[in-house]
Amino acid sequence: MSHTLDVQHLSKQFNQDLILSDLAFQLKRGEILSIVGPSGSGKTTLLRILAGLESPSQGSIHMYGKEITFQKANRRDISLVFQQPLLFPHMTVQENITYGAKLAGKKNNHKISELLKSTGLDRFKSYFPSEISGGQQQRVALARAMATEPEIILFDEPFSSLDPKLRQQIRYWVRDFLVNQSITGVFVTHDTEEAMIMGDRLALFHEGKFQQIDQAEVIHKHPANSFVADFLGGHLVIDEQNYVPLKECSLDPINEQEARSYNGVLQHITYQNGQAVGHIFLEDLDHKISLPLEKPISGEEVTLYIKESSIRTFGGSSL
Amino acid sequence: MNIKKMTFVMLALLLFIMPVLLLLLQSVSSPWRFQSGESFHFQIESFQVLWSAANLLEATLWSIVVGAGVLILNMAVGIAAGKALSTLSFKGKPLLEALFLSPVLIPVLAVAMGLHLFMIQAGLADTALGVILIHLVPTIPYSIRIFHNSYAQLGKHMLEQPVVLGAGPLQQLFTVELPLMKPAIRSVTFLTIVISLSQYAITSIIGGGRIVTLPMIFFPFLDTANTSVMAAFAVWFAMIPLAMYIIVEAFILLLPYSRMPWRNTR
Amino acid sequence: MKLFNNKSVYLLIPALLFLTLPLYGFFSAIFQSLSGGDRWTFEYYLDLLESTRFLSSIWFSIRTTLIATIVSLIIGVLITRSFYPYLEHHVPRLLVWLPMLFPHFVWGYMIILLLSETGLAAQLLVEAGVLQNSSAFPIWTRDPQGIGIIVTYVWKEVPFVILMLLPVYGSIKPGYYDLVKTLGGSKFRQFTAIEWPAIFPVLIETALIVFSFTISAYEVPALMGTTFPEMISVLSYEWFYGSGWEDRPMSFAAMVSLSLLILAFSAAGFSILQKKRWRAMRGRSI
């Protein structure tokens, strides 16, 4: 069977800058891909091309084997949820949600009322967007995208304007919804944690390319390169080829022959998930790491000890 | 009410309300000759005199026909250009914007005189269409600008949202863009109609005395009618933009997703 | 760069078609002012320069228009900056824009009603005993000084100036005022430091629009003016519709000269704006 979405050799050039360079990936039906990367790296451009709002310089996009590279945005069976809710201010909540479905001739009152119920917006259906809260607005925006029953929904950091607590709740709600309806999704974010919650697979995007696409666990265990290891934050990057998982680093001397050590400065301590975390600047590597502390440390000067045997090479080749 | 607000109210009354009230009062009273001891004398004959003038109703009709034509063309050209200017980005855009505004800077009298021969050759002189075309010159630059601003205010993403949800160009226009640009539609209606109503010289050049709009009879009236009738005529002038405004407002209500003001859904 | 990959380009076609109208009219006017039958000639322009009627008319037009434009701008700025919090509300704004409902010449008639020698102001002053009789009232309409014209335009353009300035004042963040205040800035300093840079480009643009409209409009001076000196538009219109066709080239030459004058003013305005922007850019890079 052909893939729901098949992207090949996708490139986008803007003036002289190459924003996307030779991207390729496939999505199965119902699969959710999280694309994570630094802000301003071109993730939004990728989504806009997939949605049909911009055209690629090169490459092709296929949906179920049919080429849609040059199909207009309003003809594609793909929906895009922007960072801002962008509700139509002159329509009620219900009219907003029904809008796309009505245009597609897919208006189904039962489905709409199901959506209103599952978003918890039933009570607000005749309110105008200006009369409901930001979190509710974003839920309406999501419901509006879902009501058109698209094959694929693209999300461009849809929770970034919400406060952290609301964000937590809505993440799981969206994820469950997509899974229940087996809708294929592409989810763009700069937040690694969010990417892991939302996606079946994770794609690390940097400098116009996917640095690595895989399940979170695989990426964490075998980062493909120093960017991936650095961005995820679970590893100490020693150089372009080598890294050490943070959990194998120690601030206590190790009784072993083959060990090396780095001098560092403990800059401050924060507390996360009930654990003290030390933020240490390693002068030798000109690099900052965050390491859980097992016991209190006195003084600012610390030394990090590493077994030679725990040093690994990028590319997932070492085990 | 603080002093500043009071000043504002007084100033607004003096500068903007009083003149209009004055015209209204004069139109419903005999000419004022207070120094000869006459008091305020209420009458509505001046309107009767005005309406009984042979060519007033015809001129009113021509003014409405020309004004409506000018308005429709302004909407079409202004909305199209406004959308293009706000969604496209290209190198010469500031130059093009300046070019679209430039007809405001060229004397419209010079344009009308220059077009006169062409209009005769094209058979447009002495026709309503010719007059409508020449009235576009002082109006369209404003309409393009107002709609450009309005689209820019809606923002790129708000314009893309209906596209993503599957709306075609006309559906985008009628379900989202026009309902959200009501203030711009109102401004363009007022500006276009009033500017069109203000043209004596260019209407006379292109209309050739055949297309008799309200200004064409206002000037000759000055020599014959008394102040009350002239005041009534002045008030009559304001009725046309108001009537047009009401018509346009009715059209706005016909747009999808309009709330009828008398019906509350919740 | 791909310029035409977006369908929106087609939306520009009606506007571009429209542009041919004023451009054709303008170039045809230039052509007819230079055409001496079978050859090109500057004789009409030379005639203009020798015509005292034209010279006094163009001087009178520039002077009257400049006064009207500058006074409108000053009053417009004063009203907007003093009262813009009220002007944000619906009803006050509609009140201010009430004069825009009337054509210019209708407003001119209102001025006659108010300020002519037999007008309301004169009658009230006589009633109040300030004036002996209404003939003692100064001649302010159809006067050789153009006072009636100036008053009409100022009164009518002030709402337009407010219309142009209001969005600018609405977009100035109150925080800037607090900043200048905390730095010890005076009221005057607040105006020069915060408002002036924001309103300056709009003021220049508004000035150009008001100036070019006022100097070239026919209707108000035809109603309010005298036969000498007369506004350039009235003179051109008379030449265009004069006894014979022989004055028409003069009419075209006069109108083209006026256009060149407006163009010169516009160029000056835009170059001031460019210079300002250039200085602002340089200031940033230091």
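The rules we used
Residues numbered from 1 in each chain as written. Chains lettered and ligands numbered in written order. Predicted model: local features only at pLDDT ≥ 70, side-chain atom pairs only at ≥ 80, totals over all residues. Heavy atoms only, no water. Helix = DSSP H or I, 4+ residues; strand = E, 2+ residues; numbered from the N terminus. Contact = heavy atoms within 4.5 Å. Areas by Shrake-Rupley, 256 points an atom, 1.4 Å probe, with all protein chains shown as cover. Lys, Arg positive; Asp, Glu negative; His and termini not counted. Charge placed at Lys NZ, Arg CZ, Asp CG, Glu CD. Buried area = accessible area lost by both parts, 1.4 Å probe. Salt bridge = Lys/Arg side-chain N within 4 Å of Asp/Glu carboxyl O. Polar contact = N/O pair within 3.5 Å; in protein donor to acceptor, adjacent residues only side chain to side chain. Nonpolar A, V, L, I, M, F, W, Y, C, P; charged D, E, K, R; others polar. Buried < 20%, exposed > 50% of the residue type's maximum accessible area, 1.4 Å probe, protein only. Arc of directions from axis to C-beta. Pairing = 2+ DSSP bridges. Patch = residues over 30% accessible without salt bridge, like charges linked within 9 Å, V, L, I, M, F, W, Y side chains within 5 Å. Axes fitted to C-alpha atoms, helices over the stretch in contact; angles between N-to-C directions. Parallel < 35°, antiparallel > 145°, perpendicular 65-115°, else oblique. Left-handed = near helix turned anticlockwise from the far one by under 90°. pLDDT = per-residue confidence, 0-100. Core = buried A, V, L, I, M, F, W, Y, C linked by side-chain atoms within 4.5 Å.

### Focus on the overall build of chain B
Each helix and strand counted, chain B has 12 helices and 0 strands in total. Long-range pairs, those at least 24 residues apart, make up 74% of the contacts in chain B between residues at least 6 apart in sequence. Entry remark: accessible area of chain B is about 11,500 Å², with carbon and sulfur atoms responsible for 69%. Between the centroid of the 14 positive side chains of chain B and the centroid of its 9 negative side chains there is a distance of 18 Å.

### A short note on the interface of chain C and chain B
Between chain C and chain B, the contact holds 73 residues from the first and 77 residues from the second. The largest contributions to the chain C side of the interface with chain B come from F18, L101 and Y109 of chain C, which together make up 10% of the buried area. For the pair chain C and chain B, the number of links is 1 salt bridge. Salt-bridge contacts for R145 of chain B lead to E205 of chain C; the nearest nitrogen and oxygen are separated by 2.2 Å. On the surface where chain C and chain B come into contact, there are 11 residue pairs in polar contact (both at pLDDT 80 or more). Sorting elements by how many residues they give to the side of chain C that touches chain B places helix α1 (residues 13-34) of chain C first, with 13 residues. Residue composition of the side of chain C that touches chain B, grouped by class: 53 nonpolar, 16 polar and 4 charged.

### Considerations on helix α3 (residues 109-118) of chain A
All names here are of chain A. All of the buried residues along α3 are I112, L115 and L116. Down the axis of α3, the buried side of the element spans an arc of 100°, and every buried residue falls inside it. Structural note: α3 exposes H110 and K117 on the side pointing more than 90 degrees away from its buried face. In the core, the buried residues of α3 are packed alongside α2 (93-103), α4 (134-147) and α5 (164-180). The N-cap residue of α3 is N108: its side-chain oxygen and the backbone nitrogen of H110 are 3.1 Å apart. Positive backbone phi, approximately 70°, marks G120, located one or two places after α3.

### Examining the sheet that holds strand β18 (residues 312-313) of chain A
Residue and element names in this part refer to chain A. Strand order across the open sheet formed by 3 strands is β11-β12-β18, with antiparallel pairing between neighbours. Of all strands in the sheet, those bounded by a partner on one side alone are β11 (235-237) and β18. In this sheet, β18 lies alongside strand β12 (residues 242-245) in antiparallel orientation, the contact comprising 2 bridges. In the strand pairing of β18, Y243 is matched with R312.

### Considerations on a negative patch on the surface
Residues and elements named next belong to chain A. Residues E283, D284, E300 and E301 make up a contiguous surface patch of negative charge. Here D284 shows up in the loop between β15 (275-282) and β16 (287-292). Look at D284 and you get partly exposed, because its relative accessible area is 48%.

### Comments concerning the packing of helix α6 (residues 128-154) of chain B against helix α9 (residues 182-197) of chain B
Residue and element names in this part refer to chain B. The N-to-C vectors of α6 and α9 enclose an angle of 170°; their axes lie 10 Å apart at closest approach. Taken together, the axes of α6 and α9 lie roughly antiparallel to each other. Every pair of crossing elements has a handedness; the one defined by α6 and α9 is right-handed. Contact residues: H135, P138, T139, Y142, S143, I146, F147 and S150 in α6; A184, I185, S187, V188, L191, T192, I195 and S196 in α9.

### Some remarks on a nonpolar patch on the surface
All names here are of chain C. Taken together, the side chains of L66, I70, I74, L78 and F265 present a nonpolar region at the surface, about 420 Å² in accessible area. Considering every element that reaches the nonpolar patch, the biggest residue donor is helix α3 (residues 52-87), with 4 residues. Looking at where I70 falls in the secondary structure, it is placed in helix α3.

### Quick word on the confidence of the model for chain C
All names here are of chain C. Looking at chain C, pLDDT values average 87 and 94% of them are 70 or higher. Mean pLDDT values for the elements of chain C range from 80 in helix α12 (residues 248-285) up to 95 in α1. Here residues 281-286 scores under 50 on pLDDT; set against residues more than four positions off or in separate chains, the count is 0 contacts.

### Remarks on the pattern of salt bridges
Residues and elements named next belong to chain A. Applying the stated criterion to the full structure yields 22 salt bridges over all chains. Residue R171 is joined to E194 by a salt bridge in which the shortest nitrogen-to-oxygen separation is 2.9 Å. In this pair, R171 is assigned in helix α5 and E194 in helix α6 (residues 192-198), connecting sequence segments 23 residues apart. Put simply, R312 and E248 hold a salt bridge, and the shortest N to O gap is 2.6 Å. Of this pair, R312 sits in strand β18 while E248 is found in the loop between β12 and β13 (249-250), placing the two residues 64 residues apart along the sequence.

### Some points on the sheet that holds strand β5 (residues 66-67) of chain A
Residue and element names in this part refer to chain A. Strand order in this open sheet of 4 strands is β2-β1-β4-β5, and the pairing throughout is antiparallel. Across the chains shown, the open sheet's two edge strands, defined by having one partner strand only, are β2 (17-27) and β5. Here 2 bridges tie strand β4 (residues 58-63) to β5, and the two strands are oriented antiparallel to one another. From the neighbouring strand, M63 faces β5, where its bridge partner is K66.

### As for the side chain of T80 of chain C
All names here are of chain C. Examined against the element boundaries, T80 turns out to sit in helix α3. Classification of T80 by relative accessible area gives buried; the value is 0%. With residues near it in sequence (within four places) discarded, T80 still touches L87, I162, L165, L166 and Y169.

### Considerations on the nonpolar core
Formed by 223 residues in total, the largest nonpolar core has its most connected members in I35, L50 and L154 of chain A, L214 and F233 of chain B together with Y169 of chain C. Beyond its immediate stretch of four places on either side in the chain, L214 of chain B contacts L56, A59, T60, S63, L197, F233, W236, F237 and I240 of chain B. Listed in part, the 32 residues of the second largest apolar core include A101, L115, L121 and I170 of chain A.

### Notes on the pairing of strand β7 (residues 152-156) of chain A
All names here are of chain A. With respect to burial, β7 is a largely interior element, 5 of its 5 residues being buried. Burial along β7 is two-sided: the face carrying I152, L154 and D156 and the face carrying I153 and F155 are both buried. Pairing of strand β6 (residues 78-81) with β7, which is carried by 4 bridges, proceeds in the parallel orientation. If you follow L80 over to β7, its bridge partner there is L154. Relative to strand β8 (residues 184-189), β7 is paired through 5 bridges, and the arrangement is parallel.

### Focus: unusual backbone geometry
The omega angle of the peptide bond from F228 of chain C to P229 of chain C is -10°, so this bond is cis rather than trans. With respect to the element layout, P229 of chain C can be found in the loop between α10 (219-224) and α11 (232-240). For N15 of chain A, which is not a glycine, the phi torsion comes out positive at approximately 50°. Structurally, the position occupied by N15 of chain A is in the loop between β1 (5-14) and β2. Of note, the phi angle at E149 of chain A is positive, near 50°, even though the residue is not glycine. Of note, E149 of chain A is situated in the loop between α4 and β7. Residue classification places E149 of chain A among the partly exposed residues on the basis of a relative accessible area of 34%.

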